[in-house]
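Structural characterization, general
Take a look at the letters that make up each chain.
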Amino acid sequence: EPEVTQTPSHQVTQMGQEVILRCVPISNHLYFYWYRQILGQKVEFLVSFYNNEISEKSEIFDDQFSVERPDGSNFTLKIRSTKLEDSAMYFCASKGGQGSWGEQFFGPGTRLTVL
Amino acid sequence: AQSVTQLDSQVPVFEEAPVELRCNYSSSVSVYLFWYVQYPNQGLQLLLKYLSGSTLVESINGFEAEFNKSQTSFHLRKPSVHISDTAEYFCAVSAPGTGGGNKLTFGTGTQLKVEL
């Protein structure tokens, strides 16, 4: 069964460093998402991506964040200069074709720890 | 904007007992409703969804949820739980027709712990 994969499973970085979180969505999906969950808090939407551009982003997704689909299979989230408060579990998700009812399939997450 | 409230952060229950996990939502527009389950060290998996039609929706593993528009609720129930149901359960909403992106808005989750 196709699944969304994410690497690494755990990333530790120093404050101010750049990190890139990687995701491989399900191959024929068209919509891609990043969510994050700070420990003990709810899962929060960061950004959605369709047709090689951002379709929606939250107020969390400021200029320090960027997304890219560099090669047609990977979907990356870059944080340019990490802050302590960026420590969280980051989930990638993908969704199939047109229509507003499709299920979002989630990856297992990357735990980011900023020291 | 939408919001979701899951009042119970933890629900302990004995095996074979019934369980109800509560979810209430707030929205100024019609919404789609979802329950996701997260097993340890795994991603979020869709358990069931309400899009339209019958207000009672069921999953293949015995869970059901009922959409109640007047009470803005989408509580999850199972008449007899199993040890393997131990997991975190997230209620979520999305607003249809928002350009196809349809971000999910999640509740804080309920940890279901099934004990022998």
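Look a little higher up for the structure.
Residues numbered from 1 in each chain as written. Chains lettered and ligands numbered in written order. Predicted model: local features only at pLDDT ≥ 70, side-chain atom pairs only at ≥ 80, totals over all residues. Heavy atoms only, no water.

Attention shifts here to the overall build of chain A. Helices and strands together make up the secondary structure of chain A, namely zero helices and 11 strands. When the helices and strands of chain A are listed from N to C terminus, the series reads β-β-β-β-β-β-β-β-β-β-β. Whereas a compact globule of 115 residues would reach a radius of gyration of roughly 13 Å, chain A reaches 13 Å, a difference of no more than 12%. Structurally, chain A occupies a C-alpha span of about 40 × 30 × 30 Å along its principal axes. Looking at chain A as a whole, 46% of its 115 residues are labelled buried. (Helix = DSSP H or I, 4+ residues; strand = E, 2+ residues; numbered from the N terminus. Rg over C-alpha atoms; globule rule 2.2 N^0.38 Å. Buried < 20%, exposed > 50% of the residue type's maximum accessible area, 1.4 Å probe, protein only.)

Residues and elements named next belong to chain A. On inspection of all chains with the given rule, the structure shows eight salt bridges over all chains. Taking the shortest distance from any N to any O, the salt bridge between R36 and E44 comes out at 3.4 Å. By relative accessible area, which is 23% here, E44 ends up partly exposed. Close ionic contact of D86 with R36 constitutes a salt bridge, the shortest N to O distance being 4.0 Å. In this pair, D86 sits in the loop between β8 (75–79) and β9 (88–95) while R36 sits in strand β4 (residues 31–37), placing the two residues 50 residues apart along the sequence. (Salt bridge = Lys/Arg side-chain N within 4 Å of Asp/Glu carboxyl O.)

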